[in-house]
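Take a look at the letters that make up each chain.
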Amino acid sequence: MATMKSVLTGAKNKIEVVEVERPVPGPRDALVRIRACGICGTDTFFVQAGGTPYTPDGSVVPLSLGHEPAGEIVEVGAEVTELKVGDRVVLDPQAAPSGIIGCGGSLGGMNEYLLVENAVLGKSVAVFPDELPFDVAALNEPMAVARHAVNRSEAGAADKVVVFGAGPIGLGATIWLKLRGVEHVVVVDIIPERLQTALAVGADAVINSAAENVTERLTELHGQAANALGQPRPGTDIYIDAAGAPAVIQAVVDNAKWHAKLVMVAVQKKSDAIDLGGMLRSELTLIASQGYPTEIFEVTAELAQHKDRFAKLISHRVPFNEVDRAFELALTPGAAEKVVVTF
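Residues numbered from 1 in each chain as written. Predicted model: local features only at pLDDT ≥ 70, side-chain atom pairs only at ≥ 80, totals over all residues. Heavy atoms only, no water.

Our next topic: the sheet that holds strand β10 (residues 205-208). In spatial order, the strands read β10-β9-β8-β13-β14-β15; together these 6 strands make up an open sheet with parallel pairing. Looking at strand neighbours, the two that pair on one side only are β10 and β15 (285-288), the edges of this open sheet. Between one strand and the next, the sheet's axes are offset by a mean angle of 20 degrees, whatever the strand orientation. The strands touched by helix α4 (residues 168-179) within the sheet are β8 (160-164), β9 (184-189) and β13 (238-241), with β9 carrying the most contacts at an inclination of about 175 degrees. Lying on the sheet, helix α7 (residues 246-255) is in contact with β8, β13 and β14 (261-264); it crosses β13 at an angle near 170 degrees. (Pairing = 2+ DSSP bridges. Helix = DSSP H or I, 4+ residues; strand = E, 2+ residues; numbered from the N terminus. Axes fitted to C-alpha atoms, helices over the stretch in contact; angles between N-to-C directions. Contact = heavy atoms within 4.5 Å.)

Dropping the structure here:
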């Protein structure tokens, strides 16, 4: 029996690397040898919890980790005609019939091999060119999340946009906004190193909200407008929240001009501190952005075309034999921007 190493949640704040049976593809499946897999905030949530709490009875059960894999096909089923051995591929984690890969399903991408159930080109899997490195290809899934947020914003060339949060999603949104031709994009964060990365990937300006007055800087950068009561507000057209802190939402409500938009892509924490009534003063439009209904493979070609730009999002590349260290980095606040495990 052929085996492989697989990463599972262990005790709270721990992972386990176990030896399991290597999957055997059925006639409609493909087997992928994983070459890189990113670590996401969702992975760290599951590790901190000791597994997934999303069970019918609310109990926490261990799960296979990793939903940002990239690899190469090593075997295909007899009925798979559009894919071949040697193809370099990324996957849609949500397309697996057995459940979302790495997010509660039976399969995980932080393995040496991954079964692609019902391997259909353009639906469950996409092929990427040789010039795209596996570690950058592993950004495909989070960059699809970022792309959907930008699509939801409907930002145009003349818009002035602010992105709160310079993590991978916020920085990805920044790149997509600039590739979309948006005139001016500002990134707000409290970590100087992340703000430097934001400038490196194309942000027009950055604001350290721990050291600068956000309202004053936005007015300086985007000019002055007003809300429905004629009160002065920055001329920012669109706000994208990729941070998920209640203070961000309140800052947008306080600063929004007449008919500004807020796109909420970060996971939100419950809060009673947000004055939603303030939205009336600007007729602020709140837009929620969840996942990637169509974007998962729409981004793949552009990821390859602009690979050097997207590569700047990766702060740490850690070999699989040091996967414990990779998760320690990802679990330590401020220690890493984006960790990708390489195989």
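Turning our eyes to something else, we now look at the packing of aromatic side chains. Tallying each qualifying case throughout the model produces 5 aromatic pairs. Both rings, one in phenylalanine 128 and one in phenylalanine 134, keep their centres 5.8 Å apart while their planes meet at 85 degrees; by these two values the pair is edge-to-face. Judged by its relative accessible area of 3%, phenylalanine 128 is buried. Among the residues examined, phenylalanine 134 registers a relative accessible area of 16% and is labelled buried. For the cation-ring pair, arginine 22 lies above tyrosine 113, with the distance from its terminal atom to the ring centre recorded as 4.1 Å. If you follow arginine 147 out to its NZ or CZ, it ends over the ring of tryptophan 176, 4.4 Å from the centre. (Phe/Tyr/Trp six-rings, centres within 6.5 Å; stacked < 30°, edge-to-face > 60°. Buried < 20%, exposed > 50% of the residue type's maximum accessible area, 1.4 Å probe, protein only. Lys NZ or Arg CZ within 6 Å of the ring centre and 35° of its normal.)

Our next topic: the nonpolar core. If you look at the biggest cluster of nonpolar residues, it comprises 51 residues, and the most contacted ones within it are Val136, Leu177, Val187, Ile240, Phe310 and Leu313. Among the elements that take part in this core, helix α3 (residues 140-153) stands out by supplying 6 residues, more than any other. Setting aside anything within four residues of it in sequence, one finds leucine 177 in contact with Val150, Ala155, Val161, Val163, Val182, Val185 and Ile240. Listed in part, the 33 residues of the second largest apolar core include Ala30, Ile34, Val80 and Val339. (Core = buried A, V, L, I, M, F, W, Y, C linked by side-chain atoms within 4.5 Å.)

In contact at an axis separation of 8 Å, α3 and α4 are set at 60 degrees when each is read in the N-to-C sense. Between α3 and α4, the angle falls in the class oblique. α4 is crossed by α3, and the crossing has right-handed handedness. Contacts between α3 and α4 involve Pro142, Met143, Val145, Ala146, Arg147 and Val150 from the first element and Pro168, Ile169, Gly172, Ala173, Trp176 and Leu177 from the second. Its residues placed into classes, the contact of α3 with α4 shows 10 nonpolar, 1 polar and 1 charged. (Parallel < 35°, antiparallel > 145°, perpendicular 65-115°, else oblique. Left-handed = near helix turned anticlockwise from the far one by under 90°. Nonpolar A, V, L, I, M, F, W, Y, C, P; charged D, E, K, R; others polar.)

This brings us to unusual backbone geometry. Phi at asparagine 118 takes a positive value of approximately 50 degrees, unusual for a residue other than glycine. Tracing the backbone shows asparagine 118 in the loop between β6 (113-116) and β7 (125-127). Judged by relative accessible area, asparagine 118 falls into the partly exposed class, the value being 38%. Even without being glycine, glutamate 283 reaches a positive phi, approximately 50 degrees. Inspection of the secondary structure assignment puts glutamate 283 in the loop between β14 and β15.

The subject of this paragraph is the pattern of salt bridges. If you walk through the whole model with that rule in mind, you get 14 salt bridges. Here aspartate 204 makes a salt bridge to lysine 178, at a shortest N to O gap of 2.8 Å. Of the two residues, aspartate 204 is situated in the loop between α5 (192-200) and β10 and lysine 178 in helix α4; the sequence distance between them amounts to 26 residues. Ionic contacts of the salt-bridge type, sharing partners, join the residues Glu212, Arg217 and Glu220 into one network. (Salt bridge = Lys/Arg side-chain N within 4 Å of Asp/Glu carboxyl O.)

Mapped onto the secondary structure, glutamate 141 falls in helix α3. The buried charged residue glutamate 141 lacks any salt bridge, with lysine 338 as its nearest oppositely charged partner at 6.8 Å. Beyond its immediate sequence surroundings of up to four residues, glutamate 141 is in contact with His67, Glu68, Pro93, Tyr292 and Ile296. (Lys, Arg positive; Asp, Glu negative; His and termini not counted.)

Buried within helix α10 (residues 323-331) we find Val323, Ala326, Phe327 and Leu329. Burial along α10 is one-sided: seen end-on, the buried residues are contained in an arc of 155 degrees. Where the residues of α10 are buried, they touch β1 (3-9), β2 (15-21), α1 (41-49), β16 (316-319) and β17 (339-342). (Arc of directions from axis to C-beta.)

Here we take up α5. Where α5 is concerned, the buried positions are Arg194, Leu195, Thr197 and Ala198. For α5, the buried positions fall inside an angular range of 155 degrees around the axis, keeping them on one side. In α5, the exposed residues that point more than 90 degrees away from the buried face are Glu193 and Gln196. Against α4, β9 and β10 lie the buried residues of α5.

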